[in-house]
Amino acid sequence: MSLTPFELHRPGSVAEASELLERLGDEAVIYCGGTELLLVAKMGFTEFTALVDVKGIPELSGLSANGELRIGGAVTHREVERSEVVLSGWPALAEMERHVGNLRVRNTGTIGGNLCFADPHSDPATFLLAVGGEVTLQRGGGPGRRLPIGEFVRGPYMTALEPGELLVSVHVPRLADSARVAHRKISFRERPAITVAARVDIADGLIADARVAVGSVSATPVLVQTAEQTLCGAEPGSIDVAAVGEAAGAEVQPSADLNGSVEYKRQLVRVLTARVLTEALARTP
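What counts, and at which threshold
- Residue numbers here run from 1 along each chain, matching the order of that chain's written sequence.
- Reporting in this predicted model follows two pLDDT cut-offs: at least 70 for local features of residues, and 80 or more for side-chain atom pairs to be given and counted; totals over whole chains, interfaces and linings ignore these cut-offs and use all residues.
- Computation of side-chain values: all heavy atoms of the structure, hydrogens and water removed.
- Labels follow the DSSP assignment, with helices taken as runs of H or I lasting at least four residues and strands as runs of E lasting at least two, numbered in each case from the N terminus.
- In this description the radius of gyration comes from C-alpha coordinates, and the expected globular size is given by 2.2 Å times residues to the power 0.38.
- Burial classification: accessible surface area is computed with a 1.4 Å probe over protein chains only, and a residue below 20% of its type maximum counts as buried, one above 50% as exposed, and the rest as partly exposed.
- Pairs of residues are marked as contacts when any of their non-hydrogen atoms sit within 4.5 Å.
- The Shrake-Rupley method, run with a 1.4 Å probe, gives the accessible areas here. Residue values count only the displayed protein chains as cover.
- When charges are counted, neither His nor the chain ends are considered; positive counts come from Lys and Arg and negative counts from Asp and Glu.
- A charged residue contributes its charge at one atom only: NZ of Lys, CZ of Arg, CG of Asp or CD of Glu.
- Using a 1 Å grid laid over the protein atoms alone, points where a 1.4 Å probe fits but cannot get out form a cavity; open sets with protein on both sides within 12 Å along at least 5 of 7 lines form a pocket; any residue with an atom within 4 Å of a point counts as lining.
- Grid points are joined across faces, edges and corners, and a volume is the space filled by probe spheres set on the points.
- Three residue categories are used. Nonpolar comprises Ala, Val, Leu, Ile, Met, Phe, Trp, Tyr, Cys and Pro, charged comprises Asp, Glu, Lys and Arg, and polar comprises the others, including Gly.
- The criterion for strand pairing is that DSSP finds at least two bridges linking the strands in question.
- Side-chain atoms within 4.5 Å are what join buried Ala, Val, Leu, Ile, Met, Phe, Trp, Tyr and Cys residues into a set we call a nonpolar core.
- With axes taken as lines fitted to C-alpha atoms, and helix axes fitted only over the stretch in contact, angles between N-to-C directions fall between 0 and 180 degrees.
- To sort the angles, those under 35 degrees are grouped as roughly parallel, those over 145 as roughly antiparallel, those from 65 to 115 as roughly perpendicular, and the leftovers as oblique.
- The hand of a helix crossing depends on one turn: near helix anticlockwise from the far one by less than a right angle means left-handed, and clockwise means right-handed.
- Note that the arc is computed from the directions linking the helix axis to the C-beta atoms.

### Observations regarding the overall build of the protein
Then step 1. When helices and strands are tallied, the protein shows twelve helices and 14 strands.
Then step 2. Expected size for 285 residues packed as a compact globule is a radius of gyration near 19 Å; at 19 Å, the protein falls within 12% of this value.
Then step 3. Taking the principal axes of the C-alpha coordinates as reference, the protein spans close to 60 × 45 × 30 Å.
Then step 4. Among the 285 residues that make up the protein, the fraction classed as buried is 52%.
Then step 5. Here the contacts in the protein between residues at least 6 apart in sequence split such that 61% fall between residues at least 24 apart.
Then step 6. Just so you have it, the protein exposes about 13,000 Å², and 52% of that area is on carbon and sulfur atoms.
Then step 7. Computed over 27 positive and 35 negative side-chain charges, the separation of the two mean positions in the protein equals 5 Å.

### Details of the layout of surface pockets
Then step 1. Roughly 390 Å³ of internal volume is contained in the second largest pocket.
Then step 2. Gly89, Pro91, Leu175, Ala179 and Val181 are the residues nearest the centre of the second largest pocket, which is lined by 20 residues in total.
Then step 3. Only helix 4 (84–89), helix 5 (91–97), helix 8 (123–131) and strand 11 (179–187) provide two or more residues apiece to the lining of the second largest pocket.
Then step 4. No other element matches the four residues that helix 5 contributes to the lining of the second largest pocket.
Then step 5. For the lining of the second largest pocket, the residue count by class is twelve nonpolar, three polar and five charged.

### What to know about the pairing of strand 12 (residues 192–203)
For a regular strand, side chains alternate in direction, first toward one face of the sheet and then toward the other.
Then step 1. With eleven of its twelve residues buried, strand 12 lies for the most part within the structure.
Then step 2. By the bridge criterion, nine bridges tie strand 11 to strand 12 in an arrangement that is antiparallel. Note on strand 12: the bridge partner recorded for Ala182 is Ala198.
Then step 3. Here strand 11 folds back onto strand 12 in antiparallel fashion, the turn holding four residues.
Then step 4. Inspection of the sheet shows strand 12 paired to strand 13 (residues 206–215) by nine bridges, in the antiparallel sense. Residue Asp201 lies in a different strand from strand 13, and its bridge partner there is Asp209.

### What about the nonpolar core?
Then step 1. In terms of nonpolar packing, the biggest core is built from 33 residues, with Ile71, Leu93, Leu115, Val135 and Phe152 touching the most fellow members.
Then step 2. For this core, the elements supplying multiple residues, two or more each, are strand 5 (68–72), helix 5, helix 7 (111–117), helix 8, strand 6 (134–139), helix 9 (149–152) and strand 10 (165–173).
Then step 3. Considering every element that reaches this core, the biggest residue donor is helix 8, with six residues.
Then step 4. If sequence neighbours within four positions are ignored, Phe152 has contacts with Leu115, Cys116, Val135, Leu137, Leu147, Met158, Thr159, Ala160, Leu161 and Leu167.

### Regarding the sheet that holds strand 1 (residues 7–9)
Then step 1. Spatial strand order, 1-3-2: three strands in an open sheet with parallel pairing. The sheet is open, and its two edges are formed by strand 1 and strand 2 (28–31), each paired on a single side. The average undirected angle you get between the axes of adjacent strands in this sheet is 25°.
Then step 2. One ladder, built from four bridges, connects strand 2 with strand 3 (residues 50–53); its direction is parallel. Bridge assignment links Ala28 to a residue of strand 3, and that residue is Ala50.

### Comments concerning the pairing of strand 10
Then step 1. Extensive coverage of strand 10 is indicated by the burial of eight of its nine residues.
Then step 2. Sheet analysis places strand 5 next to strand 10, joined by five bridges and oriented antiparallel. When the bridges of strand 10 are listed, Arg70 appears paired with His171.
Then step 3. Summarising the sheet, strand 6 and strand 10 pair through six bridges and their orientation is antiparallel. Across the sheet, Val135 pairs through a bridge with Val170, a residue of strand 10.

### Side note on the packing of helix 11 (residues 241–251) against helix 12 (residues 262–282)
Then step 1. Axis separation between helix 11 and helix 12 bottoms out at 7 Å; the angle between their running directions is 140°. The pairing of helix 11 with helix 12 is recorded here as oblique in orientation. Like other packed secondary-structure pairs, helix 11 and helix 12 cross with a definite hand, here right-handed. Seen from helix 11, the contacting residues are Val241, Ala242, Val244, Gly245, Glu246, Ala248, Gly249, Ala250 and Glu251; seen from helix 12, they are Arg266, Val269, Arg270, Thr273, Ala274, Leu277, Thr278 and Leu281.
Then step 2. A per-class count over the contact of helix 11 with helix 12 returns nine nonpolar, four polar and four charged.

### Quick notes on unusual backbone geometry
Then step 1. Within the chain, Ala118 stands out as a residue other than glycine whose phi angle is a positive 55°.
Then step 2. Turning to its location among the elements, Ala118 is positioned in the loop between helix 7 and helix 8.

### Digging into helix 1 (residues 14–24)
Then step 1. Taken residue by residue, helix 1 has Val14, Ala17, Ser18, Leu20, Leu21 and Leu24 as its buried positions. Seen end-on, helix 1 carries its buried residues on one side only, within an arc spanning 160°.
Then step 2. Phi turns positive one or two residues past the end of helix 1, at Gly25, with a value near 60°.

Laid out in structure tokens, this is it:
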């Protein structure tokens with residue numbers, strides 16, 4: 001792989017990075033972990049004359065918990081996976097991160113970079129959709145704006161980022177003590193063929209709320225509303241997970257690709273949704 005010559009910029013703040021991105025326009029790309037950027041550069045899908053390295057910006061670093069979990073956009077998958085804050089308060093998130101890519105990807109790749117690349121096969125995007133995650137976007141020295149992950153990811157490799165904006169942080173709500181979360185994927189090649197994440201909240205012996213997210217089979221991760229409606233109000237022990245899987249398979253709109261035909265992907269959704277729900281319902285809150 002060979003890259004065309006480029007200028008390297010290392011801004012020290014969000015405001016400085018925003019100024020660079022607005023001034024350089026389409027000639028500049030953001031560099032943080034670089035795992036996705038180097039992939040598309042290797043395939044010849046991008047050309048740039050300026051690289052804006054945001055790893056050193058303080059606002060993009062660190063993990064903290066104050067009612068919710070805040071993860072800086074430049075925090076690596078490995079940091080999330082091993083964080084004591086995450087392991088104690090959000091163990092399902094740590095478990096999901098443990099299976100992102102491989103060790104090299106997790107050591108260098110960042111959660112913000114993963115979400116901004118908006119690959120349809122993103123593990124974090126599907127997981128965060130299920131648990132109600134949000135992102136904060138900021139341009140210059142302003143206060144920033146928060147968006148649910150479902151509004152941030154707009155399509156394959158498309159996000160709600162505006163010119164000069166950076167993804168500053170990711171926010172994960174503190175789930176109820178009765179919440180049960182499971183996340184699984186099936187991979188035949190480098191990227192998952194299907195990803196399913198489920199969150200089930202139980203109160204007074206009934207399912208009070210549920211979110212089922214399916215990713216990797218279509219353009220963006222989606223919430224399967226028919227499956228969620230079937231779950232809400234039911235007793236956990238009475239759930240026909242196969243029927244919920246059928247509902248999920250009927251609602252999603254898969255795209256045929258190297259991982260299989262539309263009907264084959266629907267079958268993957270049916271099977272993995274039932275499996276994930278079985279796992280979630282069996283977990284001890």
